[in-house]
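Here are the chains, one letter per residue:
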Amino acid sequence: MLNNEPRSPAPHENPTYRALRHFWHPVCYSHEIVDKPHGVQLMGEKIVVARLGSDLVAMQDRCPHKGAALSLGQVVDCKLECPYHGWQFDQQGDCVRIPAREEMASVMNRKVRKYHATESAGMIWVCLADEPKYAPPEFSELDDGEYRVLRGNSYDWSTSTPRRLENFVDFAHFAFVHDGTIGSRENPRVEAVKVWREDNVMRFDRSGVKEPGVGKKKELLGLTDDWIEPTNVYHVTMPHTVHLKRIFPNGKRYVLFMAASPVDATTTRSFWWQARDFGTEAEHDAFFMDFEDEVLAEDKPIIESQTPIQMDLAGELARQEMPVRHADIVSVEYRRWLLELTNELANV
Ligand code: FES
Ligand code: CO
């Protein structure tokens, strides 16, 4: 090769990407699935999600008759009906009705491929492999009356899911990417944190960092200093979900829950919630939403500029990207764990 820029592998040649089939990933919010089928995409596969009676199902979004998208159809008597010729599929994915020839359904015995589907944290999660590794993450503040909880709009970035996750837990970027919002160029130093594992969760806490008490936030918190110094408690559920609880000096709490989903190897859809137990009146919602949007808009162009887009942890990338001792400890530990999972699951 003429230049030494790390090559982005084809997705199927990237073991880290292949391993992701074994995990639950969010594909939409729960409220989006009511009485109609809903089309989503996960790891390049088109999937239809629907509620058939009390069963939540996820199936390949392709009718075995002539390939039409089942997500364009409807739910009829707890069956998923294809929009093209009205074939109907039950909760198991079995074709139980062929209207043009009723007697043929049992003879032809056709089936749509089914995937695991479940609900957690106000989201629909799908796993493409036979046996999901780990349980889907939970978001306990969702039903906790002490909090005002807001659902963020999902957003797509042209990046891979591990890069999006790393960005969320990258301490050294706050001073530069978020100078004036959640960081300051005056405080670029990153102290080491202790990182440990609890089941399928990577844990670390961070405190002692001053950040700007921007506008209304300071006021709603009832703090007067221009700098605020929260304790940040992180739970990273492997491989792509972060629960960040920020505890302010007066005990008030602000929570961010973000789950990144691999739409394909180079497109990440992030689903998220925020929760706060101060300034809980609805009139303040717009401030908190706008603030997060502003922070995300600061990250997006930087993360989309990273090359290669994919993280092939077993390939060139590990030799090309150099972590800084202490400052990048979270990234080092995250990549170490993701590589272990890659080695365990990529070829299963
Ligand atoms: Fe679905 Fe014909 S393509 S019923
Ligand atoms: Co950021």
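Predicted, not measured: the structure shown is a model, and the values here were computed from it.

A. Highlighting the overall build of the protein. When helices and strands are tallied, the protein shows eight helices and 20 strands. Looking at the protein residue by residue over its 348 residues, the buried ones come to 51%. For the protein, the proportion of contacts with a sequence separation of at least 24, taken over those separated by at least 6, is 59%. As presented, the protein carries roughly 16,500 Å² of accessible surface, and 47% of it is formed by carbon and sulfur atoms. Distance between charge centroids for the protein: 4 Å, based on 41 positive and 54 negative side chains.

B. Structural context of the domain arrangement of the protein. Domain parsing of the protein yields domain 1 (18–125) and domain 2 (139–311 + 320–344). Using C-alpha coordinates to define each centre, domain 1 is positioned 34 Å away from domain 2. Counting residues at the interface gives 17 residues for domain 1 and 23 residues for domain 2. Together domain 1 and domain 2 conceal approximately 1,500 Å² of surface at their shared face, both sides included; 68% is due to carbon and sulfur atoms. Considering only the side of domain 1, the residues that lose the most area to domain 2 are Phe23, Tyr29 and Ala121, jointly responsible for 33% of the buried surface there. Counting across the domain 1 and domain 2 interface gives zero salt bridges. In this structure, the connection of domain 1 to domain 2 is made through nine residue pairs in polar contact (both at pLDDT 80 or more).

C. View of the coordination of the cobalt ion (ligand 2). For the cobalt ion (ligand 2), every protein donor is listed as His173 (NE2), His178 (NE2), Asp299 (OD) and Asp299 (OD), and the spread of their distances is 2.0 to 2.3 Å. What the four donor atoms of the cobalt ion (ligand 2) show is an angle range of 59 to 152° at the metal, which sorts the shape as irregular. For the cobalt ion (ligand 2), the single-chain donor residues occur in sequence as H-x4-H-x120-D. Taken together, the residues His173 in the loop between helix 3 (161–168) and helix 4 (174–177) and Asp299 in helix 6 (residues 285–305) connect sequence positions 126 residues apart.

D. Structural view of helix 3. Counting buried positions along helix 3 yields eight of eight residues, so the element is predominantly enclosed. Along helix 3, the residues classified as buried are Thr161, Pro162, Arg163, Arg164, Leu165, Glu166, Asn167 and Phe168.

E. View of the sheet that holds strand 6 (residues 79–81). Taken together, the four strands give an open sheet; going across it, the order is 5-6-7-8, and neighbouring strands pair in antiparallel fashion. Lying at the two open borders of the sheet, with one neighbouring strand each, are strand 5 (74–76) and strand 8 (95–97). Pairing between strand 7 (residues 88–89) and strand 8: two bridges, direction antiparallel. Considered in strand 8, the bridge of Phe89 is made with Cys95.

F. Quick look at the layout of surface pockets. Roughly 640 Å³ of internal volume is contained in the largest pocket. Around the largest pocket sit 27 residues that line it, and Glu166, Glu321, Asp328, Ser331 and Arg335 are the ones nearest its centre. Taken together, the elements giving at least two residues each to the lining of the largest pocket come down to helix 3, helix 6 and helix 8 (329–345). In terms of residue count, helix 8 provides more of the lining of the largest pocket than any other element does, six residues in total. In terms of residue class, the lining of the largest pocket is built from 15 nonpolar, four polar and eight charged.

G. Layout of the packing of helix 3 against helix 8. One can describe the packing of helix 3 onto helix 8 by two numbers: an axis separation of 10 Å at closest approach and a directional angle of 150°. With respect to their mutual orientation, helix 3 and helix 8 come out roughly antiparallel. Read as a crossing pair, helix 3 and helix 8 show a hand that is right-handed. Packed against helix 3, whose contacting residues are Pro162, Arg163, Leu165 and Glu166, the element helix 8 presents Ser331, Tyr334, Arg335 and Leu338 at the interface. Across the contact of helix 3 with helix 8, the residue classes break down as four nonpolar, one polar and three charged.

H. Just empty space enclosed by the protein, in detail. Taken as a whole and assessed by the stated rule, the structure comprises three cavities of 30 Å³ or more. Looking at the largest cavity, its volume works out to about 490 Å³. Elements that contribute at least two residues to the lining of the largest cavity include exactly helix 3, helix 4, strand 17 (231–237), strand 18 (241–247), strand 19 (253–264), strand 20 (267–276) and helix 6. The greatest single-element share of the lining of the largest cavity, amounting to five residues, is contributed by helix 6. Grouping the constituent residues of the lining of the largest cavity by class yields 21 nonpolar, seven polar and nine charged. When its volume is computed, the second largest cavity comes out at roughly 90 Å³. For the second largest cavity, the lining is made up of 17 residues, of which Trp24, Trp125, Pro137, Met238 and Pro239 are closest to its centre. Here the lining of the second largest cavity is built from residues that sort into 11 nonpolar, five polar and one charged. Both domains that meet at the lining of the second largest cavity, namely domain 1 (18–125) and domain 2 (139–311 + 320–344), each give it at least three residues.

Each value, and the rule that gives it
- Residues numbered from 1 in each chain as written.
- Chains lettered and ligands numbered in written order.
- Predicted model: local features only at pLDDT ≥ 70, side-chain atom pairs only at ≥ 80, totals over all residues.
- Heavy atoms only, no water.
- Helix = DSSP H or I, 4+ residues; strand = E, 2+ residues; numbered from the N terminus.
- Buried < 20%, exposed > 50% of the residue type's maximum accessible area, 1.4 Å probe, protein only.
- Contact = heavy atoms within 4.5 Å.
- Areas by Shrake-Rupley, 256 points an atom, 1.4 Å probe, with all protein chains shown as cover.
- Lys, Arg positive; Asp, Glu negative; His and termini not counted.
- Charge placed at Lys NZ, Arg CZ, Asp CG, Glu CD.
- Domains from an automatic or database assignment.
- Buried area = accessible area lost by both parts, 1.4 Å probe.
- Salt bridge = Lys/Arg side-chain N within 4 Å of Asp/Glu carboxyl O.
- Polar contact = N/O pair within 3.5 Å; in protein donor to acceptor, adjacent residues only side chain to side chain.
- Donors = N, O, S within 2.8 Å, 3.2 Å for Na, K, Ca; no water.
- Tetrahedral: all angles 85-135°; square planar, octahedral: opposite > 155°, others 65-115°.
- Pairing = 2+ DSSP bridges.
- 1 Å grid on protein atoms, 1.4 Å probe; cavity = no way out; pocket = protein on both sides within 12 Å on 5 of 7 lines; lining within 4 Å.
- Points joined across faces, edges and corners; volume = space filled by probe spheres on them.
- Nonpolar A, V, L, I, M, F, W, Y, C, P; charged D, E, K, R; others polar.
- Axes fitted to C-alpha atoms, helices over the stretch in contact; angles between N-to-C directions.
- Parallel < 35°, antiparallel > 145°, perpendicular 65-115°, else oblique.
- Left-handed = near helix turned anticlockwise from the far one by under 90°.

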